[in-house]
Amino acid sequence: MGNGRAQCRRLGQVLAEACAEALPKPRLEARSCAESAKARWTVAHFFEGVCFGLFLSMSIVTVQLGQCGNQIGFEVFDALFNDSHCSRGLCSKRENEAYQASCKERFFSEEENGVPVARAVLVDMEPKVINQTLSKAACSGRWKYGQHSCFCQKQGSGNNWAYGYSVHGPRHEESIMNLIRKEVEKCESLSGFFIIMSMAGGTGSGLGAFVTQNLQDQYSSALKMNQIIWPYGTGEVIVQNYNSILTLSHLYRSSDALLVHENDAVHKICVKLMNIKQVSFCDINQVLAHQLGSVFQPTYSGEGLFHYRRNPLGDLMENLVPHPEFKMLGVRNIPQMSENSLAYSTFTWAGLLKHLRQMLISNAKMEEGIDWQVRPPLSGLPPLGKMSVNKETHFNTSIANLVILRGKDVQSADVGAFKDPALYTSWLEPVHAFSVWKTQRAFRKYEKSAALVSNSQSLVKPLDMIVGKAWNMFASRAYLHQYTKFGIEEEDFLDSFTLLEQVIASYCNL
Amino acid sequence: MLTRQRGLAVRRPSRYGNGETQVHLRGLLTENLNLNLERSGATAATCGSGVTYGRPAPLESARWWARNTEAGAGSGPVGWPCRSMTQSVVVQVGQCGNQIGCCFWDLALREHAAVNKAVLIDMEEGVVNEILQGPLRDVFDSKQLITDISGSGNNWAVGHKVFGSLYQEKILEKLRKSAEHCDCLQCFFIIHSMGGGTGSGLGTFLLKVLEDEFPEVYRFVTSIYPSGEDDVITSPYNSILAMKELNEHADCVLPIDNQSLFDIISKIDLMVNSGKLGAAIKPKSLVTSSTGVFKNRQEKPFDAMNNIVANLLLNLTSSSRFEGSLNMDLNEISMNLVPFPQLHYLVSSLTPLYTLADVNIPPRRLDQMFSDAFSRDHQLIRADPRHSLYLACALMVRGNVQISDLRRNIERLKPSLQFVSWNQEGWKTSLCSVPPVGHSHSLLALANNTCVKPTFIELRERFLRLYKKKAHLHHYLQIEGMEESCFTEAVSSLSALIQEYNQLDATKSMPVEDLPRLNVAM
């Protein structure tokens, strides 16, 4: 690992230098040399031309795959749109408009009749969910999907990763990639792809892995972030552990970052925080969309700057994925509660951030039931050594964290506690490992809210579980005939196991 | 129609054989009456053909259903939005297969009529009248389909070898034609009995034909197994010979036995007539009750038994017909439930057997539905999954049930069930938002469980008893292509299957432990 660490350090330095050179300098110049407001505007305008849309967001093309991907995709766009168009934003009208414009440029394109069209491609191998999704969006009347942006077939992949990857993928490669290309052509400038898929089923996972690989081949310079829905521990699909290891290992080779949401964790949030008695998939997807919205809605591009970040996907990767061995990201947010409770609650930044930090280090997915006993290791002491995946309570070491704050008095929020070197792995300086994004614009109905995207050990345990279960099944050769039927051999499984054991070991050794 | 006229009081008759043999290939009926090796009155054939090629008047729901499930149907324009694009072809072979198929079509139509009611309120009467007064009724009541072939005489060899080769080309031609009409043919449902001649012989012959001709289309077989005290003396021969074909050529087999169906009916009768629940049960909600078209006919135990099986098929296909927040496609069933190619026998149970008229469902009752699905007396085959080893289990729920209800019940039931060491979380679930007609919710549980083994062992014992004496063997050996090796191969195929189950059962007492994983050199 010694080599790897040195590499990372170098990479971090290079990135930081590149970043310092690329953007902040011209902006500083712009501010210092421009005396009057008018001059400032002119210079800014000049730089807009130079930097190509300094104030305009780069666009993200979303690819929704399979039943899960399409259902969540809809909720995400709906959440983004509704948030950017809600009347309260607790900020000035001008600022709200800028926020709206930024969100729109990022996720929607305009059609002639004025209804925004999601920058999305919908792919499924059976028509039911896509039809449902299209009509739900059309019914909202506020935004919709493009008329020619979906691809569906008549027969699903039957929970078989191999079928999605080896049969549906090659068979429909051209049509799907064409749809994506058309969507890309609509963007003035493309930041990257957001690919929403589950990893348990067949279409989302198998075809998703195939499409991501193709995007990597055809758009190697665009970023690819995969939103992955981690299945419930039990009950959805019996072969989910096989499908999951195949998905994860393939994405690890072709994607830039994997943003993971665990169904079990989100389900708990629905029960405990949202007070939903009978949790439905719709509820789960809405919480998920809320979390994603709180990450991807516009934020200011820097401290003291009042225009919006133009390439959040790029910035996010730059901040959070310093090394290709570590690309699993998780999201936590606070506060999260039902609308009824929200009406009677007030928050302080100090309180929110204190909870959020403890959620991070004690690896809690929600603010209820946080273990306050967990403390960072005292600095100066030698590192704790290899993490054991079986240990119950454990300090959750991070590689990198990004805190996103939205709402009233956001300037006053103190994020110093996140800069503690003890939170991070030794080979990355906190200054490189931590970043914060802010905006005064409140998110949805929350006067103040915070989201934390982190690259940490917290996914090691669920990953280890899945690999372990898949390995037990693999040892008895159960279900393998279903995969070899479509060309995925034992060797492919072994490759996947090897890669993921490596990932687990790397995260454990932070 | 002999078998149908026997009442409850007499000895339960066999549902196959008695000289009657019938073959129906769904979707090719009207044009193809000569294919029916049938002497008795109309059965499902008429049902289906009436629907499929019904009057030009827009029988939307029926047509929609027909188009989406049946090959060769729906040649006219369809006004109903297509919710599903995959099709299945139901192949009903023999008397038993046809009776069940008939009930299935009837229920399926009723289900779609009921859905229509919710969408287009004024359609209801029209649809029902159309069915009752339309060609369906006419054909059903009056038309007799008569062929010049006298059946398979309870001889698997006659069905398999004689009729098989005789009709292979004709059947194939019709099957190809039906497949051409299908947008996306996903599955063949074969309904047959194991003990008789035609269902067992020709039914399993078709299985091989289908495999060769449509290798990509799944083959689901609903097989009715003979009871111990069965009146067809050669049924062990027929069953064993058929089992070999099922082992080799089916993707999934749902074994069902008459005795279990009969026990379920008795249980319901007892409940209804005891007066304890009588008035509280919602009319027409019995899993056994027959429906619209059959209303005037006096109910016989077979109708009730057939209805149970028809309901099973109906629930099995519900996810491909209606929407739900968690769809289960038919191909997912074999993917999730069949860990090894041969172990594709799934024990099924249907709950609830009836719905109480009271509309408010306490969660307790919903939970009862889940508990019942695992109890011995709700299984459609005499087997006790609770005390055997699960390889995998699917729960297919219909109605207003949420994922949280499902999860709660799985957690609740898991400790009392034993799963094989490498599949401790072997659950597959699906939610379909449309409940069956007359119910608020329902559950179909499919279990790949070693509890099917006793049925197979018993079958083998009965076979060996006959075979040792060479009883009736000459009836088989005189058929061209039949040799003694057919019997020995069949019985060793069954023994191999039993052995596989034995090996799994042997792991039952072993502690579940994690195996050493791959090591990573850092």
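Every chain is numbered on its own, with residues counted from 1 as its sequence reads. Each chain gets a letter, beginning with A, and each ligand a number, beginning with 1, in the order they are written. Local features in this predicted model are restricted to residues of pLDDT 70 or higher, and side-chain atom pairs are both shown and tallied only at a pLDDT of 80 or more, whereas totals for entire chains, interfaces and linings draw on every residue. To obtain the side-chain values, all non-hydrogen atoms of the structure were used and water was disregarded.

Considerations on the sheet that holds strand β7 (residues 190–198) of chain A
Residue and element names in this part refer to chain A. Our working rule: If DSSP finds at least two bridges between two strands, the strands pair. Strands here are runs of E lasting at least two residues and helices are runs of H or I lasting at least four, both read from the DSSP assignment and numbered beginning at the N terminus. To get an axis, fit a line to the C-alpha atoms, keeping to the stretch in contact for a helix; angles then go from 0 to 180 degrees between the N-to-C directions. Contact definition: two residues touch when any of their heavy atoms are within 4.5 Å.
In spatial order, the strands read β6-β4-β1-β7-β8-β9-β10-β13-β11-β12; together these 10 strands make up an open sheet with mixed pairing. Of all strands in the sheet, those bounded by a partner on one side alone are β6 (150–152) and β12 (434–439). Each strand axis lies, on average, 20° off the axis of its neighbour in the sheet, ignoring direction. Two elements, strand β10 (residues 328–334) and strand β13 (residues 448–456), share five bridges in a ladder whose sense is antiparallel. Residue pairing in the sheet places Ile334 in a bridge with Ala450 of β13. Most of the contacts of helix α4 (residues 66–85) go to strand β1 (residues 59–65), to which it runs at about 140°, and overall it touches β1, β4 (120–124), β7 and β8 (223–230). Taken strand by strand, helix α12 (residues 312–320) contacts β1, β7, β8, β9 (257–262), β10, β11 (398–407), β12 and β13, and its axis lies near 75° from that of β8.

Observations regarding the sheet that holds strand β3 (residues 116–118) of chain A
All names here are of chain A. Pairing in this open sheet of three strands is mixed, and the strands run β2-β3-β5 from one edge to the other. Edge strands, defined here as strands with exactly one partner in the open sheet, are β2 (108–110) and β5 (144–145). Strand direction decides the pairing type here: β2 and β3, joined by three bridges, are antiparallel. Within the sheet, the bridge partner assigned to Glu110 lies in β3 and is Pro116.

Let's talk about the pairing of strand β9 (residues 427–432) of chain B
Residues and elements named next belong to chain B. We apply this condition: Only protein chains enter the calculation, and the probe is 1.4 Å; a residue is then buried if its accessible area is under 20% of its type maximum, exposed if over 50%, and partly exposed in between.
For β9, a buried count of six out of six residues is recorded, marking the element as mostly surrounded by other parts of the structure. Burial along β9 is two-sided: the face carrying Trp427, Thr429 and Leu431 and the face carrying Lys428, Ser430 and Cys432 are both buried. Two strands pair when backbone bridges link them, and strand β7 (residues 389–399) and β9 are joined in this way by six bridges, in the parallel orientation. If you follow Cys393 over to β9, its bridge partner there is Trp427.

Points about the domain arrangement of chain B
Residues and elements named next belong to chain B. Filter applied, for reference: Where each domain starts and ends comes from a domain assignment, either automatic or drawn from a database. Two parts placed together each lose some accessible area under a 1.4 Å probe, and the buried area is that loss summed for both. In what follows, salt bridge is the name for a side-chain nitrogen of Lys or Arg lying within 4 Å of a carboxyl oxygen of Asp or Glu. Here a polar contact means two N or O atoms within 3.5 Å. Within protein one must be a hydrogen donor candidate and the other an acceptor candidate, and residues neighboring in sequence count only if both atoms are side-chain atoms.
Per the domain assignment, the segments making up chain B are domain 1 (85–454) and domain 2 (456–505). Each partner contributes residues to the interface: domain 1 has 38 residues there, and domain 2 has 33 residues. Between domain 1 and domain 2, a total of about 3,100 Å² is buried, with carbon and sulfur atoms accounting for 69% of that surface. A per-residue breakdown of the area domain 1 buries against domain 2 is headed by Tyr237, Ile240 and Lys453, which together make up 27% of the total. Counting every contact that joins domain 1 to domain 2 gives one salt bridge. Ionic pairing is found between Asp505 and Lys453, a salt bridge with its closest N-O pair at 2.9 Å. Where domain 1 meets domain 2, there are 15 residue pairs in polar contact (both at pLDDT 80 or more). Of all the secondary-structure elements, those providing two or more residues to the side of domain 1 that touches domain 2 are α6 (156–181), α8 (235–249), β7, β10 (441–449) and α15 (453–468). Among the elements that make up the side of domain 1 that touches domain 2, the one with the highest residue count is α8 (10 residues).

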